[in-house]
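Examining the three-dimensional arrangement
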Amino acid sequence: MVRLAALDGRAVVVSGDRAADVATASQGLLPSDPMALLEDWSRTSAWAAELPDSAYDLTLDVTALGAPVPRPRQVFAVALNYPPHAAEAGYTPPKEPLVFTKFPSCVGGPHTTVSLPPGKVDWEVELVAVIGRETYRVSEDRAWDSVAGLTVGQDLSERVSQLQGRPAQFSLGKSFPGFGPIGPALVTPDEFEDPDDLEITGLLNGQPVQHDRTKSMIFPVPELIARLSAVLPLLPGDLVFTGTPAGVGNRMNPPRYLAEGDELVSRIEGIGEIRQHFTAGHR
């Protein structure tokens, strides 16, 4: 059972409000770069699970946390994966996963300030699965073995650029700087009683706007990993944004988009929360 985070750019293992610096606690046997740790995740997680309480000698400052996976090579995302969200968007639930990408440069940490680009910026709280080993053509019943951990994500979306053109430009509209915050930590699946059934909540300025359980997903994490890996290899540190529940802003009446001064909190049971503030960008 491991919670991996990045504190001031260095990999740490978290226990409550304390943290252990991985490189220091391992006496240099393990690197300080979270991406390097994910390349040998089985070794890393086995070592971290045996850390004594005395190794947690740092006070955890959540505002100093960065993305637990700062430089993923591939970032996948899934559209319309909760039936109520498909319904609010005017679609029937898909029979196959609808997959797009978020470009890796949009990934950010759990406590960030995001500059709003021109257009209409919307929120989408999501469970994010982090790949922990090279995975190709894995079966669904073994797919959890490929997951290093789960984290909280926001698939921030600028709807004008996302939906312009035929076909629409999903990846561009979802990849502005700061549009992929994740965190606060990567949590191994064995931390959860049932990793397929977690409460997921999004709050805007303290008011709930999204709420569901991940068991509602049409395509759960193991199926998504099996289907993606049937096409291409998944690599250590790759991110899979698994879709958002109902309650996005562009389906409200009237629509509500993010504005300067807004605070967005995204929370998942057993993982924690991420928090984004928004400022006006250059128009």
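Here we summarise the structure given alongside this text. Only a predicted model underlies this, so the values are computations on that prediction, with no experimental measurement involved. (Residues numbered from 1 in each chain as written. Predicted model: local features only at pLDDT ≥ 70, side-chain atom pairs only at ≥ 80, totals over all residues. Heavy atoms only, no water.)

**Section: the sheet that holds strand 19 (residues 272–280)**
Spelled out, the test is: Pairing between strands is defined by DSSP: at least two bridges between the two strands are required. Helix and strand definitions here come from DSSP, where helices need a minimum of 4 consecutive H or I residues and strands a minimum of 2 consecutive E residues; each element is numbered from the N-terminal end. Axis definition: a line fitted to C-alpha atoms, limited for helices to the stretch in contact. Angles are taken between N-to-C directions and run from 0 to 180 degrees.
Spatially, 9-19-18-15-16 is the arrangement adopted by the 5 strands of the open sheet, whose pairing is mixed. In the strand order of this sheet, the two ends are held by strand 9 (111–116) and strand 16 (207–213), each with one partner. Averaged over all neighbouring strand pairs, the angle between strand axes comes to 20 degrees, with direction disregarded. Both strand 15 (residues 199–204) and strand 18 (residues 263–268) contribute to a ladder of 5 bridges, which runs antiparallel. Along strand 18, the bridge assignment pairs Thr201 with Arg267.

**Considering the layout of surface pockets**
For the record, the criterion: We place a 1 Å grid over just the protein atoms. Points where a 1.4 Å probe fits but has no way out form a cavity, open points with protein on both sides within 12 Å along at least 5 of 7 lines form a pocket, and any residue with an atom within 4 Å of a point lines it. Grid points are joined across faces, edges and corners, and a volume is the space filled by probe spheres set on the points. Residue classes follow a fixed rule: Ala, Val, Leu, Ile, Met, Phe, Trp, Tyr, Cys and Pro count as nonpolar, while Asp, Glu, Lys and Arg count as charged, and any other residue, Gly among them, counts as polar.
Here the largest pocket is characterised by a volume of approximately 450 Å³. Lining the largest pocket are 24 residues; nearest its centre among them are Leu80, Tyr91, Gln162, Leu163 and Phe170. If you list the elements that add at least two residues to the lining of the largest pocket, you get strand 6 (75–79), strand 7 (98–101) and helix 5 (159–163). A class-by-class count of the residues in the lining of the largest pocket yields 13 nonpolar, 5 polar and 6 charged. What lines the second largest pocket is a set of 21 residues, and nearest its centre among them are Trp41, Ser45, Arg133, Asp145 and Val147. Contributing elements (two or more residues each) for the lining of the second largest pocket: helix 2 (34–39), helix 3 (41–49) and strand 12 (147–154). Within the lining of the second largest pocket, the residues separate by chemical class into 11 nonpolar, 5 polar and 5 charged.

**Notes on the pattern of salt bridges**
Convention followed: The rule for a salt bridge is simple: a side-chain nitrogen of Lys or Arg has to be within 4 Å of a carboxyl oxygen of Asp or Glu. We call a residue buried when its accessible area falls under 20% of the maximum for its residue type, exposed when it is over 50%, and partly exposed in between, using a 1.4 Å probe and counting protein chains only.
Inspection of the entire model under this criterion finds 16 salt bridges. Between Lys102 and Asp155 there is a salt bridge whose closest N-O contact spans 2.7 Å. Linking Lys102 in the loop between strand 7 and strand 8 (107–108) with Asp155 in the loop between strand 12 and strand 13 (157–158), this pair joins segments that are 53 residues apart in sequence. Take Lys102 and Asp155: they sit in the same class, and that class is buried. A salt bridge links Glu223 to Arg227; its shortest N-O distance comes to 3.0 Å. With a gap of 4 residues between them, Glu223 and Arg227 both fall in helix 7 (residues 221–229), about one helical turn apart. Via salt bridges that share partners, Lys102, Asp122, Glu124, Asp155, Arg159 and Lys174 belong to a single interconnected network.

**Re the side chain of Ser161**
Note the following rule: Counted as a polar contact is a pair of N or O atoms within 3.5 Å, where, for protein atoms, one must be capable of donating a hydrogen and the other of accepting one, and residues adjacent in sequence contribute only when both atoms are in side chains. The contact criterion used is simple: two residues touch if any of their non-hydrogen atoms lie within 4.5 Å.
Within the element layout of this structure, Ser161 appears in helix 5. Polar contacts involving the side chain of Ser161 include one to the side chain of Glu158, which spans 2.6 Å. Those residues in contact with Ser161 that lie beyond four places of it in its chain are Gln169, Gly173 and Phe176.

**Quick look at the packing of aromatic side chains**
The condition is simple: Only centres within 6.5 Å qualify two rings of Phe, Tyr or Trp (six-membered ring in Trp) as a pair; their planes then separate them into stacked at under 30 degrees, edge-to-face at over 60, and tilted for everything else. Over a ring means this: the NZ of a Lys or the CZ of an Arg is within 6 Å of the ring centre and within 35 degrees of the ring normal.
Within the structure shown, the criterion is met by 2 aromatic pairs. Aromatic pair Phe100 and Phe170: ring centres 5.3 Å apart, planes at 70 degrees, arrangement edge-to-face. You can see Phe100 sitting in strand 7 and its partner Phe170 sitting in helix 6 (residues 170–173), a full 70 residues away along the chain. On the basis of relative accessible area, Phe100 is assigned to the buried category, the value being 8%. Judged by its relative accessible area of 28%, Phe170 falls in the partly exposed class. Across the ring face of Phe241, the terminal group of Lys102 is positioned such that the distance to the ring centre comes to 5.7 Å.

**Some thoughts on unusual backbone geometry**
Omega for the bond connecting Arg166 with Pro167 falls within 30 degrees of zero, at 5 degrees, which places this linkage in the cis form. Tracing the backbone through its elements, the reader meets Pro167 in the loop between helix 5 and helix 6. Along the chain, Gly183 connects to Pro184 via a cis peptide bond; the corresponding omega equals -5 degrees. In this structure, Pro184 sits in strand 14 (residues 180–187). In this structure, Arg137 is a non-glycine residue whose phi angle is positive, near 60 degrees. Relative to the elements of secondary structure, Arg137 occurs in the loop between strand 11 (125–131) and strand 12. Take Arg137: its relative accessible area is 60%, and that puts it in the exposed class. For Asn205, which is not glycine, the phi dihedral falls at a positive 50 degrees. Here Asn205 is to be found in the loop between strand 15 and strand 16.

These figures capture arrangement, not role.
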